[in-house]
Amino acid sequence: MRDSDSHNGRSDSKGRVPTVSNVTRRALLGAGTAGLAGTALFGVTSAKTEDDSGADPEAYFSVAEYGAEGDGTADDAAAIQAAIEDAVEAGGGIVFFPVGTYRVTETLRVDAVANVVLEGVGNGSRIVADSRDMTVVHVGSGEDRDIYHDYRADQGSRHVTIRHLAVDRRQRPSESSTGIRVGDASFTTLRGVSAYNHGRGITIGVEGGGGIPSHFVSVLDCTLDAHGSRYGDHGFPDAAIKVFAAADIKIHGTNIVPTNVGIDMVDQSNAVLVNQCTIRNDDGFEYGILARDDGFARTVSNTTIAGAREAQVRVSGNTWMVTVVNSWLGPTDDGESRRGIDVRGGVFRAQVLGNHVVDHRREGIRVTGNRDLTLVNNVVTGNAAGDGDVDSVLIHGGFQHARVTNNRIWSATGRYGARLADDVDRYIVMGNDFTPADPTAPIENGFRNDASGETGFVVNNLGAEDER
């Protein structure tokens, strides 16, 4: 850490007070009210709150003191990296970014076992990559080890927090370029981070990695905005957030404006919770959330997804124990969204509970060739609004064990509200309201059973005859 006393508290020629970053708690307590008010202007007070990193709040490392200019022109990568390494060597601390634009030409790395915080003052502290391919910030050793199954205290990065920083890019991003990558790391928190103009805004885990290289990663109250860059609206060609081999991941309170995919869960991404997020772009995108490959225990709850062209949520591959609950899924004003929830072959134990799925051109919910479906307490209305002969809810294709109960389902056209087809077997359809919204529409259009399975019953529904 640099000696701050020689500055005597005076600002430099750029109006910065780099000594603020080195003020200790003891000095703040002795400074009185006036001293506290003065330091709060530079974000010190906010840096000492909500500290879930384990970092020593008295150890401050201002990147300005290490020579970072923050003028958007100088290459600040070496200065910032030096501040990070000093924080690591000190056993932890807060690396502080005063207001500025920090141009970097090399990836910034936190690659040791250390209680380190990278902190700015929101969008006023912006790290800008001057490359179309590079990762801007990388947390993890780079060795991408399986720290979940082979856990040791000296392995991977631990207790790293990035908060109130923005990461941007000057060039049109390549598809694999990344804003913040969390590799073999545990207990990592991204809080109040903004990411713009990257192939992937945030990645967690290791692409194609064996085992579970990352676990206990939280993305909290972040913003990933396809339109937020200072250098052009190039968006996220791959995904705004992509989760590879990892476990125990929480994405909460995050706003995403995607161009291709909002959140993509691939590989062995296990125990992923997406909660109270918004995924929307009125200009359209392909998928809100993808859950695919071999992961399990993936949950989407209390989330709004609007504007995906293909599907708001698609689940596929050998995924198992997937839940979509208490969420709102619908189109934007252009009405081009095709499906709400699309569950494809191989998925095991999918639960769709208490959602509003409305006004899609094709199926609100389509389930194909899976096992153990629970479809309960959903409102699936106004779907099947175009694109041919489709139904608001379709369950078909080699399906076993389906429970469809206590839903409100109707179609926007003369098609069926819900339909079972092909060799669906072992099903219960009970307590649903299939009556059309149009009182003049024939009530028999509420439900149709074309399933060829021999075991199942349809009972106590409005708009459907009993079958036992």
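Residues numbered from 1 in each chain as written. Predicted model: local features only at pLDDT ≥ 70, side-chain atom pairs only at ≥ 80, totals over all residues. Heavy atoms only, no water.

### A closer look at the overall build of the chain
Here comes step 1: Counting its regular elements, the chain contains three helices and 39 strands.
Here comes step 2: Taken across its 468 residues, the chain has 55% of its residues classed as buried.
Here comes step 3: Across the chain, every contact between residues at least 6 apart in sequence was considered, and the portion connecting residues at least 24 apart equals 74%.
Here comes step 4: In the structure as shown, the chain presents an accessible area of about 17700 Å², 45% of it carried by carbon and sulfur atoms. (Helix = DSSP H or I, 4+ residues; strand = E, 2+ residues; numbered from the N terminus. Buried < 20%, exposed > 50% of the residue type's maximum accessible area, 1.4 Å probe, protein only. Contact = heavy atoms within 4.5 Å. Areas by Shrake-Rupley, 256 points an atom, 1.4 Å probe, with all protein chains shown as cover.)

### A look at helix α3 (residues 77-89)
Here comes step 1: The end-to-end C-alpha distance of α3, which contains 13 residues, comes to 18 Å, matching closely the 18 Å that a straight helix rising 1.5 Å per residue would cover.
Here comes step 2: Buried residues of α3: A77, A79, I80, Q81, A83, I84 and A87, and no others.
Here comes step 3: As for α3, its buried residues are in contact with β1 (60-62), β2 (71-75), β3 (93-96), β4 (100-104), β5 (108-110) and β6 (113-119).
Here comes step 4: Within two residues after α3, G91 carries a phi angle of roughly 90°, on the positive side. (Expected span 1.5 Å × (residues − 1).)

### Regarding the pattern of salt bridges
Here comes step 1: In this structure the tally under the stated criterion is 23 salt bridges.
Here comes step 2: Of the charged contacts, one joins R309 and E286 as a salt bridge, the two residues approaching to 2.8 Å between their closest N and O atoms. Here R309, found in strand β24 (residues 304-315), pairs with E286, found in strand β22 (residues 278-291); they are 23 residues apart in sequence, far enough to count as distant.
Here comes step 3: In this structure R309 comes out as partly exposed when scored by relative accessible area, which is 33%.
Here comes step 4: The exposure class assigned to E286 is partly exposed, which follows from its relative accessible area of 24%.
Here comes step 5: R448 is the partner of D450 in a salt bridge, and the nearest nitrogen-oxygen pair spans 2.9 Å.
Here comes step 6: Each member of the salt-bridge network shares a partner with another, and the members are R200, E207, D238, K242, D264 and R292. (Salt bridge = Lys/Arg side-chain N within 4 Å of Asp/Glu carboxyl O.)

### Points about the environment of I84
Here comes step 1: The topology assignment puts I84 in helix α3.
Here comes step 2: Taking the C-alpha atoms as reference points, I84 and V110, 26 residues apart in sequence, are found 7.0 Å from one another.
Here comes step 3: For I84, the residues in contact, after removing those within four places along its chain, are V95, L108, R109, V110 and L118.

### Quick word on the packing of aromatic side chains
The description of an aromatic ring pair uses the distance of the two centres, along with the angle that the planes make with each other.
Here comes step 1: Under the defined criterion, the tally for this structure stands at four aromatic pairs.
Here comes step 2: Consider the rings of F187 and F216, whose centres lie 5.0 Å apart with planes at 10°: the pair is stacked. On the criterion of sequence distance, the pair formed by F187 in strand β12 (residues 185-191) and F216 in strand β15 (residues 214-220) is long-range, its members being 29 residues apart.
Here comes step 3: Judged by relative accessible area, which is 31%, F187 ranks as partly exposed.
Here comes step 4: Judged by relative accessible area, F216 falls into the partly exposed class, the value being 38%. (Phe/Tyr/Trp six-rings, centres within 6.5 Å; stacked < 30°, edge-to-face > 60°.)

### What to know about the side chain of T188
Here comes step 1: Its location among the elements puts T188 in strand β12.
Here comes step 2: Assessed through its relative accessible area of 1%, T188 is described here as buried.
Here comes step 3: Aside from chain neighbours lying at most four places away, what touches T188 is V139, V160, V182, F216, V217 and S218.

### Notes on the side chain of D76
Here comes step 1: Tracing the sequence through the fold places D76 in the loop between β2 and α3.
Here comes step 2: When residues no more than four places from it in sequence are discounted, the contact partners of D76 are G67, A68, E69, G70, T101, Y102, R103 and V104.

### Topic: the pairing of strand β10 (residues 166-169)
Here comes step 1: With burial as the criterion, each face of β10 is covered, one bearing A166 and D168 and the other bearing V167 and R169.
Here comes step 2: Note that strand β7 (residues 125-129) and β10 share four bridges and pair parallel. The residue of β10 that forms the bridge with A129 is R169.
Here comes step 3: In this sheet, strand β13 (residues 194-195) lies alongside β10 in parallel orientation, the contact comprising two bridges. Looking across to β13, one finds that V167 is bridged to A195. (Pairing = 2+ DSSP bridges.)

### Describing the nonpolar core
Here comes step 1: Residues V95 and L118 are the most contacted members of the largest nonpolar core, which totals 95 residues.
Here comes step 2: Sorting elements by how many residues they give to this core places α3 first, with six residues.
Here comes step 3: Formed by five residues, the second largest nonpolar core is a distinct cluster that contains V261, Y287, L290 and A311. (Core = buried A, V, L, I, M, F, W, Y, C linked by side-chain atoms within 4.5 Å.)

### Considerations on the confidence of the model for the chain
Here comes step 1: Confidence in the prediction of the chain, expressed as mean pLDDT, is 84, and 81% of residues score 70 or more.
Here comes step 2: Confidence over residues 1-50 falls short of pLDDT 50; this stretch has 67 contacts with residues more than four positions distant or in other chains. (pLDDT = per-residue confidence, 0-100.)

### A few points about unusual backbone geometry
Here comes step 1: At D293, a residue that is not glycine, the phi angle is positive and equals roughly 65°.
Here comes step 2: Exposure remark for D293: the relative accessible area of 29% places this residue in the partly exposed category.
Here comes step 3: Phi is positive for D359, close to 65°, though the residue is something other than glycine.
Here comes step 4: Among the residues examined, D359 registers a relative accessible area of 45% and is labelled partly exposed.

### Notes on the pairing of strand β31 (residues 371-376)
Two faces make up the sheet, and in a regular strand the side chains alternate between them.
Here comes step 1: As defined by bridge partners, strand β28 (residues 348-353) adjoins β31 across five bridges and the pair is classed as parallel. Looking across to β31, one finds that V352 is bridged to L375.
Here comes step 2: Pairing of β31 with strand β34 (residues 400-405), which is carried by five bridges, proceeds in the parallel orientation. Paired with T374 across the two strands is R403, which belongs to β34.

### Brief notes about the state of the cysteines
Here comes step 1: Taken as a whole and judged by the stated rule, the model has zero disulfides.
Here comes step 2: C277 supplies the cysteine sulfur nearest to C222, a cysteine that is in no disulfide, at a spacing of 9.4 Å.
Here comes step 3: For C222, a relative accessible area of 1% corresponds to the buried category.
Here comes step 4: Looking at C277, the relative accessible area reads 1%, which means it is buried. (Disulfide = S-S within 2.5 Å.)

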